[in-house]
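If you want the building blocks of each chain, they are given just below.
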Amino acid sequence: MRIRIYAAILLVFLTILVTGLFYTQIIMYERYKTMSEENRLKIVPLMAPRGTIFDMRGHPMVKDVLSFDLSVVYGSIKDKERLVSILSKALDVPRDEMDKAIKKSRFRPYAPYVVYQDIGIEKAIHIEESMSDLPGVILDVSASRRYLYGACAGNLIGYIGLLNKPEFERLKPYGYRIDDLVGRAGVEQYYDEYLRGKHGGKQVEVDHKGRESATLGYLEPVPGKDLYLTIDLELQQYCELLMEGKRGAIVALDPNTGAVRAMVSSPGYDPGIFVDRSRRNEIRPLMKDKEYPMINRAVAGAYPPGSVFKSVVAVAALESGKIKLNTTFNCDGSMRMGKRVFHCWKETGHGPQVIQDALKNSCNVFFWNTGLTLGVDILAEYAGRFGVGQRTGIDLPGEVEGLLPSKEWKQKNMKEQWYKGETMNYSVGQGYLLCTPIQVARMMSVFANGGYMIKPYIVEKIEDMDVNTPEKIRLGISERTLSAVREGLNRVVNDRRGTGIKARQESFEVAGKTGTSQTGKKKNHGWFAGFAPFDHAALTVVVFDEYGGRGGYYAAETAGKVFSKAHELGIL
């Protein structure tokens, strides 16, 4: 009887054992096989270096450099206290900081965890020599972004940063990884898909503790493509120097092609703080800076253009036939509209003015009368033709439209009718009218290149492929009108009483227009927009001096210096 009981129990155990074996070996075979392979094999990503960014002469401005990174595998460390002591001395960092850094790796005990990035080749060599005595320590070589000229062109070039979760969900189908660095502003953002390259990887065999034991496959990463900007680095550096301590922008571009030779937004920032871990404490103050250094004022700042806009009003008046070249308005220093008296900038008045004198003197009374003769509809039509209220389409993110006011716009947005006093403000570039410096540069280029609207651009080539061919649209301005306005712009700079005489050069002729736009605060904005050489223009320069006062002073003088430097560099 007892034997039978033992046999029954044995039979039950055997049945359970056989059933279990059948279940795991036959029914769950594929699943456990896959899990086993996944535990044995591991894919290690190899990040592609981003492309280099060059200026128009082939000088590198941004590039990836080799970075020596120190990692630890926490589970392989034999003596943590000893390791902390050795590494803190080798890297010259406080012991408690090193201890804290290594402790973070304990959450992934059998995978490499980067403790310090870019430790430098000398420290890397020193640690490499002691590697056999440092179990758990790994040295990796990766690519690190370098902004070679610091804050120079920072707003133009932009910076890179890690993807956030919503971005990753959106970009995952295009091959992005959660730990990818992507362009966050400027050229880095606009051309990210070309700069980022294609990641590679290697398939490795690991042991039961996750340690690599063999490499089974290798896919070479494909570096990002190199970009060649239209920017002249030396001119850019010079313009940055001119704007040091100022707020505003400088735009210098070829009026015949739209190629931007320099673009400064001041104050600016150094993109390097976003990739250098030792400078992370600089990011938060930058974000909170009330001077808004991360806004590219050249394309994302919209301001009343002031008297620079009078050149457009002059075209509208002559082309529409509302005034003629000999039409005269007398300036006695002021003009009454209803109960309000508008004052010209020259209190004693300019006397009788025709259009070219009015441009030279920037006479408000002449243009107030002209604006009233035209009416707001014609003003808005011609402002639109010159690109006001429209993005230029420059290859940079964040460009704003500015504002093209009209009767319809005011009724729709403010539920009010249009008043004649507003037309007067419109005709001297004030009131609701808002332009970006890049729009003003495009506007002035029409007078420089013989009547064409151009599309500004920053990147000339990706590798050896031209990506931005010049786009020019003829505005249809008559030769007679164009010639008359150009002559007026010439007098602004070259007549001894012209408002832009500070931009004058001895070796070539500059033409342009000054502007002073009221802000409602103590100080006005100063503008100068001009081109040179007068007969075959090769460069348009716009200087915007935020709260800098009258455009005939700092803005015109600065533009003159930019023209002079560009001449020295052979750009014009």
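Everything discussed here concerns the structure shown above.
Just so you know, the residues in each chain are numbered from 1, in the order the chain's sequence is written. Per-residue local features of the predicted model are confined to residues with pLDDT of at least 70, and side-chain atom pairs are confined, for both listing and counting, to 80 or more; whole-chain, interface and lining totals are unaffected and use all residues. The basis for every side-chain value is the complete set of heavy atoms in the structure, and neither hydrogens nor water enter the calculation.

Enquirer: Which residues make up the sheet that holds strand E22 (residues 525-532), and what are the values?
Expert: Backbone-to-backbone hydrogen bonds pair the strands of a sheet. The strands run either parallel or antiparallel. Paired strands are those between which DSSP finds at least two bridges. Only DSSP runs of H or I reaching four residues or more are called helices, and only runs of E reaching two or more are called strands; each is numbered from the N terminus. Read across the open sheet, the five strands follow the order E12-E11-E23-E22-E21; overall the sheet is antiparallel. The sheet is open, and its two borders are formed by strand E12 (260-266) and strand E21 (511-517), each paired with just one other strand. With direction set aside, neighbouring strand axes in the sheet form an average angle of 5°. Two elements, strand E11 (residues 248-253) and strand E23 (residues 539-545), share six bridges in a ladder whose sense is antiparallel. The residue of E23 that forms the bridge with Ala249 is Phe544. Note on definitions: a residue-residue contact is assigned when non-hydrogen atoms from the two residues lie within 4.5 Å. Every angle, taken between N-to-C directions, lies between 0 and 180 degrees, and every axis is a line fitted to C-alpha atoms, over only the stretch in contact when it is a helix. Each of E11 and E12 touches helix H10 (residues 233-242); the most contacted strand, E12, lies at about 25° to it.

Enquirer: I'd like to hear about the nonpolar core, residue by residue, with values.
Expert: What tends to happen in soluble globular proteins is that the nonpolar side chains get buried as a cluster. If you look at the biggest cluster of nonpolar residues, it comprises 99 residues, and the most contacted ones within it are Val187, Met263, Phe386, Tyr426, Phe447, Ile458 and Phe531. Here this core gets eight residues from one element, more than from any other, and that element is helix H19 (residues 437-448). With residues near it in sequence (within four places) discarded, Tyr426 still touches Phe309, Val376, Leu379, Ala380, Ala383, Leu404, Pro405, Trp418 and Leu433. Val492, Phe508, Ile571 and Leu572 belong to the second-largest nonpolar core, a separate cluster that totals 27 residues. In this text, buried Ala, Val, Leu, Ile, Met, Phe, Trp, Tyr and Cys residues form a nonpolar core when linked through side-chain atoms within 4.5 Å. Throughout, exposure labels follow a simple rule: accessible area from a 1.4 Å probe, protein chains only, divided by the maximum for the residue type, with under 20% read as buried, over 50% as exposed, and the rest as partly exposed.

Enquirer: Which residues make up the packing of aromatic side chains, and what values do they have?
Expert: Centres within 6.5 Å make a pair out of two Phe, Tyr or Trp rings, where for Trp the six-membered ring is used; the pair is then stacked when the planes are under 30 degrees apart, edge-to-face when over 60, and tilted otherwise. Inspection of the entire model under this criterion finds 17 aromatic pairs. Directly above the aromatic system of Tyr452 lies the positively charged group of Lys472, at a separation of 4.8 Å from the ring centroid. Positioned above the aromatic ring of Phe534 is the side chain of Arg486, whose terminal nitrogen or guanidinium carbon lies 4.4 Å from the ring centre. Lysine NZ or arginine CZ positioned within 6 Å of the ring centre and within 35 degrees of the ring normal marks a charge as sitting over the ring.

Enquirer: Can you lay out the pattern of salt bridges for me, pointing to particular residues and giving the numbers?
Expert: Salt bridges, as used here, are contacts in which a Lys or Arg side-chain nitrogen is within 4 Å of a carboxyl oxygen on Asp or Glu. Under the criterion given, the structure shown has 30 salt bridges. For the salt bridge of Arg279 with Asp270, the shortest nitrogen-to-oxygen distance reads 3.0 Å. For Glu381, the salt bridge is made with Arg385, and the minimal N-O distance between the two is 2.7 Å. Of the two residues, Glu381 and Arg385 both sit in helix H16 (residues 376-385), four residues apart, roughly one turn of that helix.

Enquirer: Which residues make up the pairing of E23, and what are the values?
Expert: Burial within E23 is extensive, with seven of its seven residues counted as buried. Side chains Leu539, Val541, Val543 and Asp545 project from E23 onto one buried face, and the interleaved Thr540, Val542 and Phe544 project onto a second face that is buried too. Between E22 and E23, which pair antiparallel in sequence order, lie six residues.

Function cannot be read off these values alone, since they describe shape.
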